[in-house]
Amino acid sequence: MAPKIYGIESLADISLDSGARLTLSDGPLQLGWKHSGMTSDFIAEIMALPYSRSRKDYLQAHHDIGYLSNELIENAVKFRQPGDILIEAGIIDGSFLLRVKNALDSGTASRLQQLLHRLQSKEPGLLLLEQIEINAISPESGSGLGLLTLLSDYDARMAWTFQVNKDEHIILTTTAAVAMPPSSNL
């Protein structure tokens, strides 16, 4: 079965072979929230280094990379099926790119695809405001605020690829890109 892609299809095809690759392995300690924060901090530290000649650029790059990484890795940890999470990161043509790959169950994949259809119908900023209002009324509504904040406030470009593997699991590959501060030193 051919993969189903939502969002900016060209992002799904970008090679991150020259970037960093990490694997969060499922094991006896169980992957959890703390792994998301530690991993995203590590990625932000490494990927923001080229901007260290300017404190302002470094802090901005570190913040944007850290926020994007944390949101995508948290979602992968929270919604995954047992197994490893593959993370690839790199800076290409003035943008930080992050790709996270993990397995989902069919129910989670279906709910995410419904959200992605909804994203195509309205501006992310309007959806963010709507979701804030929904969350204020019903805390159990399921947030989605991180993804909407990335799209609205960080101008993230994103792609989601759903593919069924040989074991009939659904493999989700999320690719996101945010512009980095311009720097003549890179």
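Residues numbered from 1 in each chain as written. Predicted model: local features only at pLDDT ≥ 70, side-chain atom pairs only at ≥ 80, totals over all residues. Heavy atoms only, no water.

(A) The arrangement of the side chain of Thr175 in detail. Inspection of the secondary structure assignment puts Thr175 in strand 6 (residues 170-179). What makes Thr175 buried here is its relative accessible area of 1%. There is a polar contact of 2.9 Å between the side chain of Thr175 and the side chain of Arg99. Other than its neighbours up to four places away in sequence, Thr175 contacts Leu11, Ala12, Leu98, Arg99, Arg157, Met158 and Ala159. (Helix = DSSP H or I, 4+ residues; strand = E, 2+ residues; numbered from the N terminus. Buried < 20%, exposed > 50% of the residue type's maximum accessible area, 1.4 Å probe, protein only. Polar contact = N/O pair within 3.5 Å; in protein donor to acceptor, adjacent residues only side chain to side chain. Contact = heavy atoms within 4.5 Å.)

(B) Summary view of the confidence of the model for the protein chain. Per-residue confidence for the protein chain averages 88 on the pLDDT scale, and 92% of its residues sit at or above 70. The spread of mean pLDDT over the elements of the protein chain runs between helix 5 (residues 124-137), the lowest at 79, and strand 6, the highest at 97. (pLDDT = per-residue confidence, 0-100.)

(C) Representation of the packing of aromatic side chains. Under the definition given, this model contains 2 aromatic pairs. Residues Tyr6 and Phe162 carry aromatic rings whose centres are separated by 5.6 Å and whose planes lie at 85° to one another, so their mutual orientation is edge-to-face. Here Tyr6 is found in strand 1 (residues 4-7), whereas its partner Phe162 is found in strand 5 (residues 157-164), with 156 residues between them in sequence. Summarising the aromatic geometry, the rings of Tyr67 and Tyr154 are spaced 4.7 Å apart at their centres and angled 5° between planes, so their arrangement reads as stacked. Here Tyr67, found in helix 3 (residues 55-79), pairs with Tyr154, found in the loop between helix 6 (145-153) and strand 5; they are 87 residues apart in sequence, far enough to count as distant. (Phe/Tyr/Trp six-rings, centres within 6.5 Å; stacked < 30°, edge-to-face > 60°.)

(D) Spatial organisation of the nonpolar core. Core analysis: the largest hydrophobic core is formed by 42 residues, its most contacted members being Ile43, Phe96, Leu98, Trp160 and Phe162. The element that contributes the greatest number of residues to this core is helix 3, accounting for 8 residues. Leaving out residues up to four positions away in the same chain, Trp160 has contacts with Lys4, Ile5, Tyr6, Gly7, Leu112, Leu116, Leu119, Leu147, Leu172, Thr173 and Thr174. Of all hydrophobic cores here, the second largest spans 5 residues; its members include Leu11, Leu16, Leu97 and Ala177. (Core = buried A, V, L, I, M, F, W, Y, C linked by side-chain atoms within 4.5 Å.)

(E) Focus on the pattern of salt bridges. Overall, the coordinates contain 5 salt bridges when judged by the stated rule. A salt bridge links Arg99 to Glu88, with the shortest nitrogen-to-oxygen separation between them at 4.0 Å. Here Arg99 is found in strand 4 (residues 95-104), whereas its partner Glu88 is found in strand 3 (residues 85-92), with 11 residues between them in sequence. The same class applies to Arg99 and to Glu88, which are both buried. Between Glu130 and Arg118 there is a salt bridge, with the nearest N and O atoms lying 3.5 Å from each other. Highlighted residues: Glu130 in helix 5 and Arg118 in helix 4 (residues 106-121), separated in sequence by 12 residues. Residue classification places Glu130 among the partly exposed residues on the basis of a relative accessible area of 26%. Overlapping salt bridges bring together Asp17, Arg21, Glu88 and Arg99 as one network. (Salt bridge = Lys/Arg side-chain N within 4 Å of Asp/Glu carboxyl O.)

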